[in-house]
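Architecture and fold: a report
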Amino acid sequence: MNSFILKGDVCCSGAPDALVTRDNSYLICENGVCAGVFDAIPPRFRDLPLTDHTGKLILPGMTDLHLHAPQYAFRGMGMDRELLDWLNAYAFPEESRYGDIAYADRAYTIFANAIRRSATTRAVIFGTLHREATALLMERMEASGVVSFVGKVNMDRNAPDSLCEASAEASLRDTERFLRETTGKFRNTYPILTPRFVPSCTDELLQGLGALSEQYQVPVQSHLSENPGEVAWVRELCPWAAHYGAVYDRFGLFGNSQKTVMAHCVYSGEEEIDLMQRNGVTIAHCPASNANVASGIAPVRRYLDRGMRIGLGSDIAGGQSESLFTAMTEALKVSRLYWRLIDSAQKPLSVAEVFYMATKGGGAFFGKVGSFEPGYEFDALVIDDSTLPHPRALMLAERLERAVTLGGDLRGLVAKYVRGKRLDLS
Ligand code: GUN
Ligand code: FE
């Protein structure tokens, strides 16, 4: 079961700056796991069924390390404010609607279908604070075939009444119930603890979530050092903390015992960066969102040079598109602006590097994911780049570059495999 061969032009990432290209080769899936890329079919695999994608690109599936499912409904709208005003004007009013399970059902069905048809094979997703709606989101994601972590959001301060849990205790009780009800329920969909960000969570709530993370062995996602006003607010709220990340760290929510992904890290100082690296915290770089709500530009070159864990996030709906191709393009562009406007010592990112972040870098949050090395879970995309015609024959690396840079255009996505299973893209 789940063993087959794909033939085509294979690209994947070895290391951040090492793009691997294999023209006209054979990619083998054995029981949902990659057995490798070969110039000819090895005898032991000769009897496996082969799908011929000759002339098409075959890429690893992509990981979206950070996005908000309830915000999909207003993507591409309301980007005229910066973070804290944007939350109050757009995000919170929309998220308030998810107490209505019928509305949540309509919205999450649209969302899950969009993710199924996208280049994303793995995703780390915020729901809302509503337990029932978030459990329903998990059902929709499971049906999509995409593998995901999904979090019920925690917020017990600085939120409108419609979006503020009654107390830290009530929030923790509801979260524990969410964990009990969703852990082990699905094959491809798992719960993740989701304190929204420090301004939304009292110390008592963060402390309780740290305990739950340890007790239930659940990973953690949140936001970190995204916007100057936000960072200043955290300093006021938690004057005892040396930096923003130190707040999560104090409560065991910063990679201390469980894997953790922090979105943005635009304004992280030296101490915060050191701690993220020591604790193995994964960074979700969200360039579209950082530009749209005028947050700034994250120093990704530094994170890569230090060998930190990093991938890309669409941050729907701070980001306008769920396409990881768009995220790659935006990462390239903002890195050039960073070099031009902020620090000419930090050279811009390369196509190989953003491709690494979208595949192997982000995939690492899920284990051996995002590459075609033997032993990696078999997530793959087949892309017909003849939808992007060219007057001469291009090298495979050039074709990949074009697919990345022009790739918000997904008309060419002809097949998508997750854990060796081909998804329905209709
Ligand atoms: N910080 C806290 N909540 C959010 C959110 O919904 N989006 C973004 N971009 N940042 C946040
Ligand atoms: Fe976000």
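Computed from a predicted structure; not experimentally measured. (Residues numbered from 1 in each chain as written. Chains lettered and ligands numbered in written order. Predicted model: local features only at pLDDT ≥ 70, side-chain atom pairs only at ≥ 80, totals over all residues. Heavy atoms only, no water.)

Here's the deal with the coordination of the iron ion (ligand 2)
Donor atoms from the polypeptide that bind the iron ion (ligand 2) are His66 (NE2), His68 (NE2), His223 (NE2) and Asp315 (OD), placed at 2.0 to 2.4 Å. Each of the 4 donor atoms bound to the iron ion (ligand 2) contributes to angles spanning 87 to 174°, and the resulting shape is irregular. Within one chain, the residues serving as donors to the iron ion (ligand 2) are arranged as H-x1-H-x154-H-x91-D. Taken as a pair, His68 in strand E5 (residues 62-68) and Asp315 in the loop between strand E14 (310-312) and helix H11 (324-342) lie far apart in primary sequence, 247 residues in all. Judged by its relative accessible area of 3%, His68 falls in the buried class. What makes Asp315 buried here is its relative accessible area of 4%. (Donors = N, O, S within 2.8 Å, 3.2 Å for Na, K, Ca; no water. Tetrahedral: all angles 85-135°; square planar, octahedral: opposite > 155°, others 65-115°. Helix = DSSP H or I, 4+ residues; strand = E, 2+ residues; numbered from the N terminus. Buried < 20%, exposed > 50% of the residue type's maximum accessible area, 1.4 Å probe, protein only.)

Overview of the packing of helix H3 (residues 131-144) against helix H4 (residues 168-182)
Packing of H3 against H4 leaves a shortest axis separation of 10 Å and a crossing angle of 25°. Relative to H4, the element H3 is oriented roughly parallel. Read as a crossing pair, H3 and H4 show a hand that is right-handed. Where H3 abuts H4, its residues Arg131, Thr134, Ala135 and Met138 lie against Asp174, Arg177, Phe178, Glu181 and Thr182. (Axes fitted to C-alpha atoms, helices over the stretch in contact; angles between N-to-C directions. Parallel < 35°, antiparallel > 145°, perpendicular 65-115°, else oblique. Left-handed = near helix turned anticlockwise from the far one by under 90°. Contact = heavy atoms within 4.5 Å.)

What to know about the site of ligand 1
All residues in the neighbourhood of ligand 1 are listed as His68, Gln71, Leu83, Trp86, Leu87, Arg196, Phe197, His223, Glu226, His264, Ser289 and Asp315. Between ligand 1 and Arg196, the relevant distance is 2.7 Å, taken from an oxygen atom to a side-chain nitrogen or oxygen of the residue. In the model, a nitrogen atom of ligand 1 is placed 3.5 Å from a nitrogen or oxygen of the His223 side chain. In isolation ligand 1 has 270 Å² of accessible area, and contact with the protein removes 100% of it. Ranked by the residues each element gives to the shell around ligand 1, the list is headed by helix H1 (residues 83-96), at 3 residues. When its residues are assigned to classes, the shell around ligand 1 shows 4 nonpolar, 5 polar and 3 charged. (Near = heavy atom within 4 Å. Polar contact = N/O pair within 3.5 Å; in protein donor to acceptor, adjacent residues only side chain to side chain. Areas by Shrake-Rupley, 256 points an atom, 1.4 Å probe, with all protein chains shown as cover. Nonpolar A, V, L, I, M, F, W, Y, C, P; charged D, E, K, R; others polar.)

Looking at the packing of aromatic side chains
Describing an aromatic ring pair means giving the distance of the ring centres and the angle of the ring planes. For the coordinates displayed, the defined rule picks out 16 aromatic pairs. Ring geometry for Phe149 versus Phe365: centroids 5.7 Å apart, planes at 75°, classification edge-to-face. Linking Phe149 in strand E7 (residues 147-151) with Phe365 in the loop between helix H12 (351-363) and strand E15 (380-383), this pair joins segments that are 216 residues apart in sequence. By the burial criterion, Phe149 is buried, and Phe365 matches it. (Phe/Tyr/Trp six-rings, centres within 6.5 Å; stacked < 30°, edge-to-face > 60°.)

Remarks on helix H6 (residues 228-237)
Listed in full, the buried residues belonging to H6 are Glu230, Val231 and Val234. With its buried residues spanning 100° around the axis, H6 presents them on a single face. Among the exposed residues of H6, those oriented more than 90 degrees off its buried face are Arg235 and Glu236. At its buried positions, H6 is contacted by H1 and helix H7 (244-250). Backbone nitrogen of Gly229 and a side-chain oxygen of the N-cap are separated by 2.7 Å at the start of H6; the cap is Asn227. (Arc of directions from axis to C-beta.)

Regarding the sheet that holds strand E6 (residues 120-126)
The strand order across the open sheet built from 4 strands is E5-E6-E7-E9, with neighbouring strands paired in parallel fashion. Pairing within the sheet leaves two strands with one partner each, and these edge strands are E5 and strand E9 (189-191). Each strand axis lies, on average, 20° off the axis of its neighbour in the sheet, ignoring direction. When E7 meets E9, the two strands line up parallel, connected through 3 bridges. Across the sheet, Ser148 pairs through a bridge with Thr189, a residue of E9. (Pairing = 2+ DSSP bridges.)

Focus: the pattern of salt bridges
Applying the stated criterion across every chain, the model contains 23 salt bridges. We note a salt bridge from Glu94 to Arg97, for which the minimum N-O separation is 3.1 Å. Given the relative accessible area of 46%, Arg97 is considered partly exposed. The salt bridge partner of Arg140 is Asp105, with a shortest N-O separation of 2.9 Å. Taken as a pair, Arg140 in helix H3 and Asp105 in helix H2 (residues 101-117) lie far apart in primary sequence, 35 residues in all. Linked through salt bridges whose partners overlap, the residues forming this network are Arg122, Glu377, Asp379 and Arg419. (Salt bridge = Lys/Arg side-chain N within 4 Å of Asp/Glu carboxyl O.)

Observations concerning the environment of Arg173
Within the element layout of this structure, Arg173 appears in helix H4. According to the relative accessible area criterion, Arg173 is exposed, its value standing at 53%.

Side note on the sheet that holds strand E1 (residues 4-13)
The strands that make up a sheet pair up through hydrogen bonds in the backbone, lying either parallel or antiparallel. Strand order in the open sheet made by the 7 strands is E3-E2-E1-E4-E15-E16-E17, with mixed pairing throughout. Sheet topology places strand E3 (33-38) and strand E17 (421-422) at the edges, where each strand pairs with a single neighbour. As defined by bridge partners, E15 adjoins strand E16 (residues 413-418) across 4 bridges and the pair is classed as antiparallel. Within E16, the residue paired with Ala380 across the bridge is Tyr417.

From the geometry alone we can't say anything about function, so treat these as descriptive.
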